[in-house]
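Chain by chain, the residues:
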Amino acid sequence: MWRNRDVISARDFTRSDIEELFETAKYMEKYAKGRLDVMRGKIMAVAFFEPSTRTRLSFEVAMKRLGGDVVGFWGAEGTSVEKGETLADTIRMLDAYSDVIVIRHRYEGAAKLAAEVAESPVVNGGDGAFNHPTQAMLDVYTIWREFGYVDGLNIGLLGDLRHARTVNSLLEILTNFNVKVYLISPEYLRPRAETIDYVQSKGLKLSFYTNVEEVIGELDVMYVVRIQKERFIDPLEYEKVKGSYRVTPDMLRKAKKTLVILHPLPRVDEIDPRVDATSHAKYFRQAALGVPLRMALIYLILS
Ligand code: NCD
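Here is what the cut-offs are and how they apply
- Residues numbered from 1 in each chain as written.
- Predicted model: local features only at pLDDT ≥ 70, side-chain atom pairs only at ≥ 80, totals over all residues.
- Heavy atoms only, no water.
- Phe/Tyr/Trp six-rings, centres within 6.5 Å; stacked < 30°, edge-to-face > 60°.
- Buried < 20%, exposed > 50% of the residue type's maximum accessible area, 1.4 Å probe, protein only.
- Lys NZ or Arg CZ within 6 Å of the ring centre and 35° of its normal.
- 1 Å grid on protein atoms, 1.4 Å probe; cavity = no way out; pocket = protein on both sides within 12 Å on 5 of 7 lines; lining within 4 Å.
- Points joined across faces, edges and corners; volume = space filled by probe spheres on them.
- Helix = DSSP H or I, 4+ residues; strand = E, 2+ residues; numbered from the N terminus.
- Nonpolar A, V, L, I, M, F, W, Y, C, P; charged D, E, K, R; others polar.
- Pairing = 2+ DSSP bridges.
- Near = heavy atom within 4 Å.
- Polar contact = N/O pair within 3.5 Å; in protein donor to acceptor, adjacent residues only side chain to side chain.
- Areas by Shrake-Rupley, 256 points an atom, 1.4 Å probe, with all protein chains shown as cover.
- Lys, Arg positive; Asp, Glu negative; His and termini not counted.
- Salt bridge = Lys/Arg side-chain N within 4 Å of Asp/Glu carboxyl O.
- Contact = heavy atoms within 4.5 Å.
- Axes fitted to C-alpha atoms, helices over the stretch in contact; angles between N-to-C directions.
- Arc of directions from axis to C-beta.
- Right-handed = clockwise from strand over helix to strand, strands pointing away.

Chemist: I keep staring at the packing of aromatic side chains and nothing clicks. Help me out?
Modeler: To describe a pair of aromatic rings, you give the distance between the ring centres and the angle between the ring planes. Evaluation of the coordinates by the stated rule reveals 11 aromatic pairs. With centroids separated by 5.6 Å and ring planes inclined at 75°, the aromatic side chains of F232 and Y238 adopt a geometry described as edge-to-face. When sorted by exposure, F232 lands in the same class as Y238, which is buried. Among the aromatic residues, ring-to-ring pairing joins F22, Y141 and W144 into one connected group. If you follow R5 out to its NZ or CZ, it ends over the ring of W2, 5.9 Å from the centre. In this arrangement the basic side chain of R11 is found over the ring face of Y198, its NZ or CZ atom lying 3.7 Å from the centre.

Encoded structure:
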């Protein structure tokens, strides 16, 4: 059941929630470039305190394709936050003016705080280094659309698994499926112990690698993330791992023909642009599917 729900953490959603979302998103694909007037009279407020391209635009486009309206801001510039207004007060105002709030914030816990203050449903568009649940839903949705199923797949996660919030949420969502997860990163960039303990306690099968070439031949999906430079506490640690992995056409010669490469984007240098022309590259399709997936989310929460 999605009606009126906050979307704060991927941990809160069951397999049947996810299946309902995916079926609805698949239906929404027909309208992702058109219009389905089911949200007429509804307003979405977007409060983006941190940079975003895809998440914000796909939420806004999704609401507009559904016939609803969007208000909000990106960057606190021009809002009363600049005058020292607290997050809670800003959210109270958005709550009074709209039917659903989408928030992105650099601090972990901001979305949860917003949900506690607001009566309207709050959707977490990424807060801190820990949660980005709708991106994880989109990631698994893309896998489901590519293969027609998720169970049984070997899924590799490559890169900064420690600071990437999409990775944390993706691991949490994957506990609903029977998949094998290969965590590929420099040791320092492995997911937080708390995440590993949680997903293992839910039965997710994990194995750890430092070199992608070692396992690439086994993978059905390779999910790549950039090094999250802005989230390093120690710049020296960043210098040590910078440039430590890069997906190249050469490396892909060892991969299954059907390997699907995903990336939440933005990419910096971790995927060679020459990979874009290969049949493996699905990250732009993934970004495009953000619209129908978020149309489905809004529809299920608000209708
Ligand atoms: C990600 C994010 O903001 O966490 N981007 C996104 O939402 N697609 C990934 C990133 O910034 O690396």
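Once you've had a look at it, read on.
Chemist: For this particular structure, what's the right way to read empty space enclosed by the protein?
Modeler: A probe as big as a water molecule, rolled over the atoms, marks out the empty space that is left. Throughout the structure, instances matching the rule amount to two cavities of 30 Å³ or more. Its volume calculated, the largest cavity comes out at about 40 Å³. What lines the largest cavity is simply A129, F130, L161, R162, A164, N168, P191, R192 and T195. Each pocket or cavity is described by its volume, and for the second largest cavity that value is around 30 Å³. Around the second largest cavity, the lining residues are M44, F59, V100, V102, V123, L297, I298 and I301. Elements supplying a minimum of two residues to the lining of the second largest cavity: β3 (100–105) and α9 (283–302). At three residues, the largest contribution of residues to the lining of the second largest cavity is made by α9. In terms of residue class, the lining of the second largest cavity is made up of eight nonpolar, no polar and no charged.

Chemist: Teacher, can you tell me more about the pairing of strand β5 (residues 154–158) here?
Modeler: Within a regular beta strand, the side chains point alternately toward one face of the sheet and then the other, so they alternate between its two faces. The element β5 is largely enclosed, with a buried count of five among its five residues. What you see with β5 is no split at all: N154, G156 and L158 on one side and I155 and L157 on the other are buried throughout. Sheet analysis places β5 next to strand β8 (residues 221–224), joined by four bridges and oriented parallel. The residue bridging G156 from the neighbouring strand is M222, located in β8.

Chemist: Looking at this model, I keep getting lost on the site of the ligand. Mind explaining?
Modeler: Surrounding the ligand, one finds T55, R104, H132, Q135, R165, T166, R226, Q228, P264, L265 and P266. With respect to the ligand, the side chain of Q228 contributes an N or O atom lying 2.9 Å from an oxygen atom. Here a nitrogen atom of the ligand sits 2.9 Å away from a polar atom, N or O, in the main chain of P264. Contact with the protein chains covers 94% of the free accessible surface of the ligand, which is 320 Å². Looking at side-chain class alone, the shell around the ligand contains three nonpolar, five polar and three charged residues.

Chemist: In this structure, what is going on with helix α6 (residues 165–174)? I would like to understand it.
Modeler: Along an α-helix, a turn takes 3.6 residues, which lines up residues three or four apart on a common side. Of all the 10 residues making up α6, 10 are buried; the element is thus mostly covered by neighbouring parts of the structure. Turning to α6, its buried residues are R165, T166, V167, N168, S169, L170, L171, E172, I173 and L174.

Chemist: Got a minute to help me understand the side chain of R294 in this structure?
Modeler: Among the structural elements, R294 can be located in helix α9. Comment: no salt bridge for buried R294; closest opposite-charge side chain is D139, at 7.6 Å. Only 2.8 Å separates the side chain of R294 from the side chain of S58, close enough to count as a polar contact. Residue contacts for R294: discarding those within four places in its chain leaves R54, T55, S58, F59, A62, H132, T134, Q135 and L138.

Chemist: I would appreciate a short explanation of the sheet that holds β5 in the present structure.
Modeler: Strand pairing in a sheet is mediated by backbone hydrogen bonds. Such pairs are either parallel or antiparallel. The five strands lie next to each other as β7-β6-β5-β8-β9, forming an open sheet whose pairing is parallel. Looking along the sheet, the strands with just one partner apiece sit at the ends: β7 (205–209) and β9 (260–262). Looking at each pair of strands side by side, their axes are set apart by 20° on average, direction ignored.

Chemist: Explain the environment of P273 to me, please; I cannot follow it from the model alone.
Modeler: Here P273 shows up in the loop between β9 and α9. Taking the C-alpha atoms as reference points, P273 and T248, separated by 25 residues in sequence, lie 8.4 Å from one another.

Chemist: I would appreciate a short explanation of helix α4 (residues 110–117) in the present structure.
Modeler: Regarding α4, the residues found buried are A110, A111, A114 and A115. For α4, the buried positions fall inside an angular range of 135° around the axis, keeping them on one side. Structurally, α4 contributes buried residues whose contacts are with α3 (87–97), β3 and β4 (122–127).

Chemist: Explain the pairing of β4 here, please?
Modeler: The buried fraction of β4 amounts to six of the six residues, a majority that puts the element mostly inside the structure. Here four bridges tie β3 to β4, and the two strands are oriented parallel to one another. Bridge assignment links I103 to a residue of β4, and that residue is N124. For the segment spanning β3, α4 and β4, crossover handedness is right-handed.

Chemist: Could you clarify how one ought to interpret the pattern of salt bridges in this entry?
Modeler: Close approach of charged atoms allows side chains with opposite charge to pair. Taken as a whole, this structure holds 24 salt bridges when the rule is applied. Here R56 ties to E60 by a salt bridge, and the two come within 3.3 Å at their closest N and O atoms. Residue R56 and its partner E60 are located together in helix α2 (residues 54–65), separated by four residues, close to a single helical turn. Comparing R56 with E60, the two get one shared label, buried. The residue D89 makes a salt bridge to R92 at a minimum N-O spacing of 2.8 Å. Residue D89 and its partner R92 are located together in helix α3, separated by three residues, close to a single helical turn.

All we've got here are geometric facts, nothing functional implied.
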